[in-house]
Amino acid sequence: MSVLSGLNPAPIWIYFEEICKIPRLSKNEGKIRNYLLDFALRNNLGSKEDSAGNILIVRPASKGYENISTLVLQSHMDMVGEKNADHPHNWSADPIMPVLDNGWVKASGTTLGADDGVGIAAQMAVLTDSDLKAGKIECLFTVDEESGMTGALNLKPDFFEGRILINLDSEDEGILFIGCAGGIDTICEMKFKSLPVPDGLTALAISVTGLRGGHSGDEIHKGYGNAIKLMNRILLDLSRKFDTLLSIFDGGNLRNAIPRESFAVIVVKKGLKNDVTDRIAAFQKEFEAEFGEVEKELKVTIKENDLPAVVMDRDSHSMLLDSLDRCPHGVIAWSKDIEDLVETSTNLASIRFAGDDDIKIVTTQRSSVESSKYSAAVLVESCFETTGATISHSEGYPGWKPDLNSGILKITVESYRRLFGKLPEVKAIHAGLECGLIYEKFKGIDMISFGPTIRGAHTPEEKIEVRTVQMFWDLLIDVIRNTPAKH
Ligand SMILES: [Zn+2]
């Protein structure tokens, strides 16, 4: 029984409901790939695939429209599989069950896969729209967007010919996206010298917890506390005032998350234990005053700990704490073109003590400007250089620099204004998108990204607003109709 029949525009919802039946988690896109290739065959459309698993389906130009520029429409085939703990769902076999809920479509107990199933459905609807008169349209379906972007990463520069591209993987009706950030990791691995714990000392465990954390791209400008930076302030202060020594310092977890928690074990002369405890209580007050409402759950605690066998020697100790003190965290530069857009930032993501004498520190830099991304990575590297650490950078991924003079942006803004009687917002995001990889590979390509409103993506609460799917479709068709002639 169809749940979504009766919704408009009918072709998108019919295809969307079909796609819901096809398991398609990242790196397991075989079934959806076969479905799309079969769809192309049934509709007499040319198709091809590449070694990464990406698919291209081509709609030839309508008669008389051969001189119109080729347009590329892009979505990704894979989806994130999240479900409620009590909901049985076999991700490699079971269909997703869409339900209508007060103007929205959601799934029963699982992610819906509107990210990016609605993009796929829109492409299929364009490919089979017999009323549409248009130039040549290439529909690009990438694999693995959600877990590594290996599809976009391995695209060959001759896989499609169009140099105007509409990415259909955005989640806010009324907003046109024209840029994203690239990223690179800077990783610092150092060895430290240790010494046996001197007599007459006692050990204390300190924790900084309850911070909000958040995404190191989207939320880096919000002023949330960094648990590693806060712990480092405490450790520096204690070592200067009370001659404490450090045994363990761990904090943070994922490279793309702002660290929420950190833990340390220090040793101090027995007689100074109460002074240290008082100072920790003072830090709790200081941090509360600094962060106020932004970090309401922030907690600094201290308790007794078993005496460790060894601690870091003085030199290693100050080298580590001084370099972490110098290491920046947060926004480095704001965009000059787009209001409220973070252009360049860095996240001090994690620190881990391992083995007897190893410390690993992971940081991530982001920027929509390639040169600024590298300069931020060098800035962070320089903070750790004097420690004698081994510093390495990940290969990274490129950004997509916003171009306010983009041709496809002008066309889309004008279509939007004509259709809906108001201007859309124009934005860029401070996180990675497949567009960054495409932008780097297909030199001179003119791109834009828009979509209907989706909320709760990547969670079982994911839902898509029905009303905005019609607006998305109307805009897409209007932009297709206004694609300029080749020159
Ligand atoms: Zn997506």
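One can find the structure itself at the top, above this paragraph.
Residues numbered from 1 in each chain as written. Predicted model: local features only at pLDDT ≥ 70, side-chain atom pairs only at ≥ 80, totals over all residues. Heavy atoms only, no water.

### Brief notes about the sheet that holds strand β5 (residues 104–107)
Line of reasoning, step 1. Read across the open sheet, the four strands follow the order β4-β5-β23-β22; overall the sheet is antiparallel. At either margin of the open sheet sits one strand with a lone partner, and together these are β4 (98–101) and β22 (454–455).
Line of reasoning, step 2. Across the sheet, helix α11 (residues 466–481) touches β4, β5 and β23 (463–465), and the angle it forms with β23 is around 60°. (Pairing = 2+ DSSP bridges. Helix = DSSP H or I, 4+ residues; strand = E, 2+ residues; numbered from the N terminus. Contact = heavy atoms within 4.5 Å. Axes fitted to C-alpha atoms, helices over the stretch in contact; angles between N-to-C directions.)

### Some remarks on the coordination of the zinc ion
Line of reasoning, step 1. Every protein donor of the zinc ion is listed here as His76 (NE2), Asp115 (OD), Asp169 (OD) and Asp169 (OD), and their distances to the metal cover 1.9 to 2.7 Å.
Line of reasoning, step 2. Coordination at the zinc ion is irregular: its four donor atoms span angles of 51 to 145° at the metal.
Line of reasoning, step 3. All donor residues of the zinc ion come from one chain, and their arrangement in sequence is H-x38-D-x53-D. Placement of His76 in strand β3 (residues 71–76) and of Asp169 in the loop between β7 (164–167) and β8 (175–177) is noted, with a sequence separation of 93 residues between them. In this structure, His76 and Asp169 share a single accessibility class: buried. (Donors = N, O, S within 2.8 Å, 3.2 Å for Na, K, Ca; no water. Tetrahedral: all angles 85-135°; square planar, octahedral: opposite > 155°, others 65-115°. Buried < 20%, exposed > 50% of the residue type's maximum accessible area, 1.4 Å probe, protein only.)

### Notes on the pairing of strand β11 (residues 201–209)
Line of reasoning, step 1. Counting buried residues along β11, nine of its nine residues qualify, which places the element largely inside the surrounding structure.
Line of reasoning, step 2. Pairing analysis gives eight bridges linking β11 to strand β13 (residues 262–269), with the strands arranged antiparallel. Residue pairing for β13: Thr202 is matched across the bridge by Val268.
Line of reasoning, step 3. Here β11 pairs with strand β14 (residues 299–305) via seven bridges, running antiparallel. By the bridge assignment, Ile206 is partnered in β14 with Ile302.

### Re empty space enclosed by the protein
Line of reasoning, step 1. Applying the stated criterion to the full structure yields four cavities of 30 Å³ or more.
Line of reasoning, step 2. Taken as a whole, the largest cavity holds about 60 Å³ of empty space.
Line of reasoning, step 3. Lining of the largest cavity is provided by Asp172, Glu173, Gly174, Ile175, Leu176, Tyr416, Phe450, Gly451, Met471, Phe472 and Leu475.
Line of reasoning, step 4. When residues of the lining of the largest cavity are traced back to their parent elements, those giving at least two are β8 and α11.
Line of reasoning, step 5. Per-element accounting of the lining of the largest cavity gives the leading share, three residues, to α11.
Line of reasoning, step 6. Considered class by class, the residues forming the lining of the largest cavity number seven nonpolar, two polar and two charged. (1 Å grid on protein atoms, 1.4 Å probe; cavity = no way out; pocket = protein on both sides within 12 Å on 5 of 7 lines; lining within 4 Å. Points joined across faces, edges and corners; volume = space filled by probe spheres on them. Nonpolar A, V, L, I, M, F, W, Y, C, P; charged D, E, K, R; others polar.)

### Looking at the nonpolar core
Across soluble globular proteins, you tend to see nonpolar side chains buried next to one another.
Line of reasoning, step 1. Leu36, Leu73, Leu476 and Ile480 are the most contacted members of the largest nonpolar core, which has 68 residues in total.
Line of reasoning, step 2. If one sorts the elements of this core by residue count, α11 sits on top with 10 residues.
Line of reasoning, step 3. Beyond its immediate stretch of four places on either side in the chain, Ile480 contacts Leu71, Leu73, Val126, Leu132, Ala134 and Ile137.
Line of reasoning, step 4. The next biggest cluster of nonpolar side chains, apart from the first, holds 43 residues, and it includes Leu211, Met231, Val300 and Ala389. (Core = buried A, V, L, I, M, F, W, Y, C linked by side-chain atoms within 4.5 Å.)

### Description of the packing of aromatic side chains
Line of reasoning, step 1. Counted according to the given criterion, the structure contains seven aromatic pairs.
Line of reasoning, step 2. Taking the centre distance of 5.9 Å and the plane angle of 85° together, the rings of Trp13 and Phe16 count as edge-to-face. Of this pair, Trp13 and Phe16 are both found in helix α1 (residues 10–20), three residues apart, which corresponds to roughly one turn of the helix. Here Trp13 and Phe16 have matching classes, each one buried.
Line of reasoning, step 3. A ring pair is formed by Phe160 and Phe442, whose centres lie 4.2 Å apart and whose planes are at 15°; its orientation type is stacked. Highlighted residues: Phe160 in the loop between α4 (150–153) and β7 and Phe442 in the loop between α10 (434–441) and β21 (446–449), separated in sequence by 282 residues. Exposure class is identical for Phe160 and Phe442. Each is buried.
Line of reasoning, step 4. The ring of Phe283 carries Arg279 above its face, with NZ or CZ at 4.1 Å from the centroid.
Line of reasoning, step 5. Here Lys463 stacks its cationic end above the ring of Trp104, 4.4 Å away from the centre of that ring. (Phe/Tyr/Trp six-rings, centres within 6.5 Å; stacked < 30°, edge-to-face > 60°. Lys NZ or Arg CZ within 6 Å of the ring centre and 35° of its normal.)

### Let's talk about the layout of surface pockets
Line of reasoning, step 1. Of the pockets and cavities examined, the largest pocket occupies roughly 1,600 Å³.
Line of reasoning, step 2. Lining of the largest pocket is provided by 48 residues; of these, Asp218, Ile429, Ala431, Gly432 and Leu433 occupy positions nearest its centre.
Line of reasoning, step 3. Only β8, α8 (370–384), β20 (425–427) and α10 provide two or more residues apiece to the lining of the largest pocket.
Line of reasoning, step 4. Of the residues in the lining of the largest pocket, the class split is 18 nonpolar, 11 polar and 19 charged.
Line of reasoning, step 5. Approximately 170 Å³ is the volume found for the second largest pocket.
Line of reasoning, step 6. Looking at the second largest pocket, the residues that line it are Asp250, Gly251, Gly252, Asn253, Leu254, Ala257, Ile258, Pro259, Arg260, Glu261, Phe263 and Arg352.

### So, the pattern of salt bridges
Line of reasoning, step 1. Scanning the model with the defined rule gives 25 salt bridges in all.
Line of reasoning, step 2. Here Lys241 ties to Asp237 by a salt bridge, and the two come within 2.6 Å at their closest N and O atoms. Linking Lys241 with Asp237, this pair stays in helix α5 (residues 227–242), spanning four residues, or about one helical turn.
Line of reasoning, step 3. Take Asp237: its relative accessible area is 16%, and that puts it in the buried class.
Line of reasoning, step 4. Among the ionic pairs, Glu425 bridges to Lys427, the shortest N-O distance being 3.8 Å.
Line of reasoning, step 5. Among the residues examined, Glu425 registers a relative accessible area of 43% and is labelled partly exposed. (Salt bridge = Lys/Arg side-chain N within 4 Å of Asp/Glu carboxyl O.)

### A few points about the side chain of Ser345
Line of reasoning, step 1. You can see Ser345 is positioned in strand β17 (residues 342–354).
Line of reasoning, step 2. Among the polar contacts made by the side chain of Ser345, one reaches the side chain of His430 at a distance of 2.7 Å. (Polar contact = N/O pair within 3.5 Å; in protein donor to acceptor, adjacent residues only side chain to side chain.)

### Quick word on unusual backbone geometry
As a rule of thumb, non-glycine residues mostly have phi less than zero, and peptide bonds are mostly trans rather than cis.
Line of reasoning, step 1. Of note, the bond from Asn8 into Pro9 is cis; its omega dihedral lies within 30 degrees of zero at -5°.
Line of reasoning, step 2. Structurally, the position occupied by Pro9 is in the segment before α1.
Line of reasoning, step 3. The omega torsion across Asp115 and Asp116 is 5°, close enough to zero to call that bond cis.
Line of reasoning, step 4. In this fold, Asp116 is placed in helix α3 (residues 114–127).
Line of reasoning, step 5. The backbone of Met149 shows a phi angle near 55°, a positive value even though the residue is not glycine.
Line of reasoning, step 6. Along the polypeptide, Met149 turns up in the loop between β6 (137–142) and α4.
Line of reasoning, step 7. Despite not being glycine, His458 has its phi angle at roughly 70°, a positive value.
Line of reasoning, step 8. Following the sequence through the fold, His458 ends up in the loop between β22 and β23.

Read these as geometric descriptors, not functional statements.
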